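Close look at the chain arrangement
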Amino acid sequence: MEVRRWGCVIEAIIDIVLLTFLVIVGVAILLVRNLLAVTMLTGIYSLLVATLFVLLDAVDVALTEAAVGAGLLVILMLATIALTTQKEKVHAARQNAVALVVVVVTGAALIYGTLDIPPFGDPNAPAHVHLSPRFTQESPEEIGIPNMVTSVLATYRGIDTLGEAVVIFAAAVGVLLVLGTGRVRRRRDTEEHEDEARERS
Amino acid sequence: MEWLGLYNYWVVVVLMMIGFYIVIAQGNLIKKLVGLNIFQTSVFIFFISLAHLEGGTAPIAIEGVTAYSNPLPHVLILTAIVVGVALTAMGLALVVRVQEAYGSIEEDEIHKQDDLH
């Protein structure tokens, strides 16, 4: 029992350290003006979030976050920076003061809201007494897969996953359309320029 | 240790507000998307924190274990992460197009060019 209690304390310490790191990286992202550095910090941020998910027993989510957030997202951002610019310009402070007030007021309201949430890890929280027992106790036999996240994802919430696939397809089509038209128009422009140059000569 | 029970949620609020501030106060479009990303990641942490069960284990069936984290928020966030990246990719593609059309990705410079025409 003693060992178990110490395990909980160590978990809590790691939890606090990771969350504090997250806030530090978040503030760094806010302050840094070089977009390449911001991209690297985003990668670190995603990796910290993935580590936190492992600690909170969400291993599938951690895998996805590490692959997609720390991997794919950083590559996409690097590609965008390569096509645009690396330096961010500094803005007037007047507009920022209003934003700061809005953010502080919203944050205070949300902090006030958290006071009603059941404590972290509480076994009697509504999240653990309603649907969770149904999935954790019956899904391994009902579906035949030990990993409950997979069985919920693919069966109980299968339509949701289909919707996710539709969103990814739509986003892929959107990206190709947005970037593709520019390329076609540029080619047309250069062809017109070449025609004009030919006519002039 | 009582105050520790809400520490996760407070950090979630702080991260969410950092993301919110970046979105509304900073003019660079790439930075705005990063802010949006921080905002949505804070929601992910909120859901996963709610799913955590003291003394529970990861929701993979093991002989003799009865206490598991709630798998449902995990599934929701799994979907949300992938959808979030799809949307960020779409946003970054639009940023590239804005750069092509205006020669800048700073919000105020784009507004200035719009006012001229």
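Residues numbered from 1 in each chain as written. Chains lettered and ligands numbered in written order. Predicted model: local features only at pLDDT ≥ 70, side-chain atom pairs only at ≥ 80, totals over all residues. Heavy atoms only, no water.

1. Brief notes about the interface of chain A and chain B
Residue-level contacts link 91 residues of chain A with 76 residues of chain B. Summed over both sides, the interface of chain A with chain B buries roughly 7800 Å², with 74% coming from carbon and sulfur. Its largest share of buried area at the contact with chain B, chain A owes to Leu30, Asp57 and Phe120 of chain A, together 9% of the area lost on that side. Viewed at the interface, chain B and chain A are joined by 0 salt bridges. At the surface where chain A touches chain B, the tally comes to 12 residue pairs in polar contact (both at pLDDT 80 or more). Elements with a contribution of two residues or more to the side of chain A that touches chain B: α1 (2–31), α2 (35–55), α3 (59–83), α4 (93–114), α5 (126–129), α6 (132–143), α7 (148–156) and α8 (158–200) of chain A. Of the residues that constitute the side of chain A that touches chain B, the class distribution is 54 nonpolar, 21 polar and 16 charged. (Contact = heavy atoms within 4.5 Å. Buried area = accessible area lost by both parts, 1.4 Å probe. Salt bridge = Lys/Arg side-chain N within 4 Å of Asp/Glu carboxyl O. Polar contact = N/O pair within 3.5 Å; in protein donor to acceptor, adjacent residues only side chain to side chain. Helix = DSSP H or I, 4+ residues; strand = E, 2+ residues; numbered from the N terminus. Nonpolar A, V, L, I, M, F, W, Y, C, P; charged D, E, K, R; others polar.)

2. Looking at the confidence of the model for chain A
Per-residue pLDDT for chain A averages 85, and the proportion of residues at 70 or more is 90%. Per-residue pLDDT, averaged within each element of chain A, yields its smallest value for α8 of chain A (80) and its largest for α2 of chain A (93). (pLDDT = per-residue confidence, 0-100.)

3. Brief notes about the domain arrangement of chain A
The extent of an interface is frequently quoted as the accessible surface area lost upon association of the parts. Domains assigned within chain A are domain 1 (1–90), domain 2 (92–124) and domain 3 (131–201). For domain 1 of chain A and domain 3 of chain A, the distance between their C-alpha centroids amounts to 24 Å. (Domains from an automatic or database assignment.)

4. A closer look at α3 of chain A
Here α3 of chain A spans 35 Å end to end across 25 residues, near enough to the 36 Å set by a 1.5 Å rise per residue. At Glu65 of chain A, α3 of chain A is bent by approximately 30 degrees, the largest bend along its length. All of the buried residues in α3 of chain A are Asp60, Val61, Ala62, Thr64, Glu65, Val68, Gly69, Leu73, Val74, Met77, Thr80 and Ile81 of chain A. Where α3 of chain A is buried, its residues contact α2 and α7 of chain A together with α2 (29–51) and α3 (71–102) of chain B. (Expected span 1.5 Å × (residues − 1). Bend = angle between axes of the 7 residues up to and from the residue. Buried < 20%, exposed > 50% of the residue type's maximum accessible area, 1.4 Å probe, protein only.)

5. Here's the deal with the environment of Ile30 of chain B
Summarising the element assignment, Ile30 of chain B is placed in helix α2. Distance from Ile30 of chain B to Ile105 of chain B, taken between C-alpha atoms, is 7.7 Å for residues 75 residues apart in sequence. Not counting chain neighbours up to four residues away, the residues in contact with Ile30 of chain B comprise Leu35, Met77, Thr80, Ile81 and Thr84 of chain A together with Val95 and Ile105 of chain B.

6. Examining the pattern of salt bridges
Tallying each qualifying case throughout the model produces 5 salt bridges over all chains. Residue Glu100 of chain B pairs with Arg97 of chain B through a salt bridge whose shortest N-O separation is 2.8 Å. Note that Glu100 of chain B and Arg97 of chain B are positioned in helix α3 at a spacing of 3 residues, about one turn of the helix. The class for Glu100 of chain B is partly exposed, based on a relative accessible area of 36%. Judged by its relative accessible area of 17%, Arg97 of chain B is buried. A network of salt bridges, in which partner residues are shared, links Arg134, Glu138 and Glu142 of chain A.

7. With respect to the packing of α3 of chain A against α3 of chain B
At their nearest, the axes of α3 of chain A and α3 of chain B sit 10 Å apart, and the two run at 0 degrees to each other. Regarding the angle of α3 of chain A to α3 of chain B, the classification is roughly parallel. Counted together, Asp60, Val61, Thr64, Glu65, Val68, Leu72, Leu73, Leu76, Met77, Thr80 and Leu83 of chain A of α3 of chain A and His74, Ile77, Leu78, Ile81, Val82, Val85, Thr88, Ala89, Leu92, Val95, Val96 and Gln99 of chain B of α3 of chain B form the full contact between these two elements. Of the residues contributing to the contact of α3 of chain A with α3 of chain B, the split by class is 16 nonpolar, 5 polar and 2 charged. (Axes fitted to C-alpha atoms, helices over the stretch in contact; angles between N-to-C directions. Parallel < 35°, antiparallel > 145°, perpendicular 65-115°, else oblique.)

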